[in-house]
Amino acid sequence: MWHSYRTLNRLSFVLMVVSSLYIFYACFKVAINSEVFKVKTINFIGDINHVTREQFSAVVLSNFKGGFFDLNLDHAKNALEDLSWVKSVHIKRSWPNAVDITVLERHELARWNDGGLIDASGELFNGAADKKLPVLEGPVNQHAEMVAVYLRLMKILEPFKVSVDRLRLSRQQSWYGHLSSGLEVAMGEQNIESRLERFMRFLPDAESQFKSSIKYVDLRYTNGFSVSSSVNGGDGS
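Residues numbered from 1 in each chain as written. Predicted model: local features only at pLDDT ≥ 70, side-chain atom pairs only at ≥ 80, totals over all residues. Heavy atoms only, no water.

K.L.:
Help me understand the overall build of the protein chain, please; the structure alone is not making it clear to me.
P.N.:
When helices and strands are tallied, the protein chain shows five helices and twelve strands. Put simply, of all contacts in the protein chain between residues at least 6 apart along the chain, 44% involve residues at least 24 apart. Total accessible area on the protein chain is roughly 14,600 Å²; 54% of this is exposed by carbon and sulfur atoms. (Helix = DSSP H or I, 4+ residues; strand = E, 2+ residues; numbered from the N terminus. Contact = heavy atoms within 4.5 Å. Areas by Shrake-Rupley, 256 points an atom, 1.4 Å probe, with all protein chains shown as cover.)

K.L.:
Is there a simple way to think about the confidence of the model for the protein chain in this case?
P.N.:
For the protein chain, mean pLDDT is 82; residues scoring 70 or higher make up 78% of the total. By mean pLDDT, helix H1 (residues 5-32) is the weakest element of the protein chain at 59, and strand E8 (residues 164-169) is the strongest at 98. For residues 233-237, every residue scores under 50 in pLDDT, and the model assigns this stretch twelve contacts once sequence neighbours within four places are set aside. (pLDDT = per-residue confidence, 0-100.)

K.L.:
Before we go on, may I ask you to explain helix H4 (residues 143-157) in this structure?
P.N.:
Residues lying three or four places apart along an α-helix face the same way, a consequence of the helix completing one turn every 3.6 residues. For H4, built from 15 residues, the straight-helix expectation of 21 Å at 1.5 Å per residue is met to within 8% by its first-to-last C-alpha distance of 21 Å. Three or more residues of H4 are buried, namely His143, Met146, Val147, Val149, Tyr150, Leu153, Ile156 and Leu157. (Expected span 1.5 Å × (residues − 1). Buried < 20%, exposed > 50% of the residue type's maximum accessible area, 1.4 Å probe, protein only.)

K.L.:
Teacher, can you tell me more about the packing of aromatic side chains here?
P.N.:
The relative placement of two aromatic rings is captured by the distance of their centres and the angle of their planes. Considering all chains together, one arrives at three aromatic pairs under this definition. When the centroid spacing of 5.4 Å and the interplanar angle of 40° are considered together, the rings of Phe44 and Phe56 count as tilted. Of this pair, Phe44 sits in strand E1 (residues 41-45) while Phe56 is found in helix H2 (residues 53-63), placing the two residues twelve residues apart along the sequence. Phe56 carries the same exposure label as Phe44, and that label is buried. Relative to Phe125, the ring of Trp85 has its centre 5.0 Å away and its plane inclined at 70°; by these criteria the two rings are edge-to-face. Placement of the pair is Trp85 in the loop between helix H3 (73-81) and strand E2 (86-94) and Phe125 in strand E6 (residues 124-125), with a sequence separation of 40 residues. When sorted by exposure, Trp85 lands in the same class as Phe125, which is buried. (Phe/Tyr/Trp six-rings, centres within 6.5 Å; stacked < 30°, edge-to-face > 60°.)

K.L.:
Explain the sheet that holds strand E10 (residues 184-188) here, please?
P.N.:
Strands pair in a sheet through their backbones, by hydrogen bonds, and they do so in one of two ways: parallel or antiparallel. Taken in spatial order, the nine strands of this open sheet run E6-E5-E4-E7-E8-E9-E10-E11-E12, and their pairing is mixed. With one partner strand each, in any of the chains shown, E6 and strand E12 (226-228) form the two edges of the open sheet. Of the strand pairs in this sheet, strand E4 (residues 108-112) and strand E5 (residues 117-119) are connected by three bridges, and their pairing is antiparallel. By the bridge assignment for E5, Ala110 is matched with Ile118. Lying on the sheet, H4 is in contact with E4, E5, E6, strand E7 (135-137), E8, strand E9 (175-179) and E10; it crosses E8 at an angle near 140°. Those strands touched by helix H5 (residues 192-209) are E9, E10, strand E11 (216-218) and E12, and its axis lies near 140° from that of E10. (Pairing = 2+ DSSP bridges. Axes fitted to C-alpha atoms, helices over the stretch in contact; angles between N-to-C directions.)

K.L.:
What exactly am I supposed to notice about the side chain of Arg106 here?
P.N.:
Of note, Arg106 is situated in the loop between strand E3 (98-105) and E4. What makes Arg106 buried here is its relative accessible area of 11%. A polar side-chain atom of Arg106 sits 2.8 Å from a polar atom in the side chain of Glu123. Contacts of Arg106, omitting those with residues within four sequence positions, involve Ser84, Trp85, Val86, Lys87, Asp119, Glu123 and Phe125. (Polar contact = N/O pair within 3.5 Å; in protein donor to acceptor, adjacent residues only side chain to side chain.)

Written out as structure tokens, the structure is:
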């Protein structure tokens, strides 16, 4: 073999190519890890109200390993989305040494069972909110359904300038609400939206005929409802 010039030429060519690739790779590694390509700027995009930029920066810097080209963006994205108020994060490189981070924060809709918070998409999260929020109470794993019902009821009540302060779903799957007007409402298991809307249209007439102010209404009747000047039992708990 060593006396074959053709074989020696092929072997020399292969060694030259391998050596060139190794040198190129070594130079590339040195280049991408040089100060020129170190991430020097982190741009946060979006409305950030519940998490400080310092908190974001600390999470990002602790999870960004490497230079501009070999950053583990998925690792940093997952770490940021673990923050309570962060709903989603999109990260992209910005040439030559910056990173743009678009943040979508959660917007609290209500409190869940006097504990955590829940957003309009029905997702639970841990967070602290100082402002007054409606309370949703119900069985475990039914929070998304309760959010959907709450939003439909709020839409029905909007023309009447009334809102839902508390919405509860019992273990027997019966719905109860407390309105901003102070009215307690038992709505039953089915057709609760149509029942509530029908009652709200009749409420002015009912109040004019009722000597005392109405504090409780039971809508769990097929063709009507009952009212009371005090909150009675029948809460279905």
